[in-house]
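Residue strings, one per chain:
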Amino acid sequence: MGWLIGRAAAMADPQKARVKVLEKLQGLSELDDPESAVVPILIDAILLVESYRAVRHEITFLPELRESVDALLRDLSAIEKSDAVVAR
């Protein structure tokens, strides 16, 4: 994996590292079933965030992951509430 982003590079310039990852993820559209690759990662990310919520020792990039996961969960909750109102 020649595109691997090392910890030092990610820590030195997180935005540049995110751009590099996003560029790599552009290839997801070429997979036969991109959802089957992404959904397990999202599940693991959510479980990781929940496992480390409110611990004393902060893990690198966990706050950013927590923000992303929380935003995703808020959006999903809003969709569920909207669907429930429409179903009534």
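Q: Talk me through the overall build of the protein; I want residue IDs and the actual numbers.
A: In terms of regular secondary structure, the protein is built from 4 helices and 0 strands. Each helix and strand of the protein, placed in order from N terminus to C terminus, yields the pattern α-α-α-α. Referenced to the eigenvectors of the C-alpha coordinate spread, the extents of the protein come out at roughly 50 × 40 × 20 Å. Looking at the protein residue by residue over its 88 residues, the buried ones come to 8%. Contacts in the protein between residues far apart in sequence, at least 24 positions, make up 28% of those at least 6 positions apart. Surface exposure of the protein reaches about 7300 Å², of which carbon and sulfur atoms provide 61%. Across the protein, 11 positive and 15 negative side-chain charges occur, with their mean positions spaced 8 Å apart.

Q: Residues and numbers for the environment of Ala 37, please.
A: The residue Ala 37 is located in helix 3 (residues 34–52) in this model. The spacing of Ala 37 and Arg 88 is 51 residues in sequence and 35 Å in space, taken between C-alpha atoms.

Q: Go over the packing of helix 3 against helix 4 (residues 62–87), please, and point to the residues and values.
A: Between helix 3 and helix 4, whose axes approach to 9 Å, the crossing angle comes to 115°. Overall, the two elements helix 3 and helix 4 adopt an arrangement that is roughly perpendicular. The handedness of the crossing between helix 3 and helix 4 is left-handed. Seen from helix 3, the contacting residues are Leu 42, Ala 45, Ile 46, Leu 48, Val 49, Glu 50 and Tyr 52; seen from helix 4, they are Leu 62, Leu 65, Arg 66, Val 69, Leu 72 and Leu 73.

Cut-offs used in this document
Numbering of residues starts from 1 in every chain and runs along the sequence as written. This being a predicted model, a pLDDT of at least 70 is required before a residue's local features are given, and a value of 80 or more before pairs of side-chain atoms are given or counted; all residues contribute to the totals for chains, interfaces and linings. To obtain the side-chain values, all non-hydrogen atoms of the structure were used and water was disregarded. In DSSP terms, a helix is any run of H or I states spanning at least four residues, a strand is any run of E spanning at least two, and both are numbered starting from the N terminus. A 1.4 Å probe rolled over the protein chains alone gives each residue an accessible area, and that area as a share of the maximum for its type sets the label: buried under 20%, exposed over 50%, partly exposed in between. It only takes one pair of heavy atoms within 4.5 Å for two residues to be counted as in contact. Method for areas: the Shrake-Rupley scheme with a 1.4 Å probe, in which residue coverage is limited to the protein chains shown. Under this rule, positive means Lys or Arg and negative means Asp or Glu; His and the chain ends count for nothing. Charge placement uses NZ in Lys and CZ in Arg. For Asp and Glu, CG and CD serve respectively. The axes used here are C-alpha line fits, helices contributing only the stretch in contact, and every angle between their N-to-C directions lies in the interval 0 to 180 degrees. Roughly parallel means an angle under 35 degrees; roughly antiparallel, over 145; roughly perpendicular, 65 to 115; everything else is oblique. Handedness of a helix crossing follows the sense of rotation of the near helix relative to the far helix, less than a right angle counterclockwise being left-handed and clockwise being right-handed.

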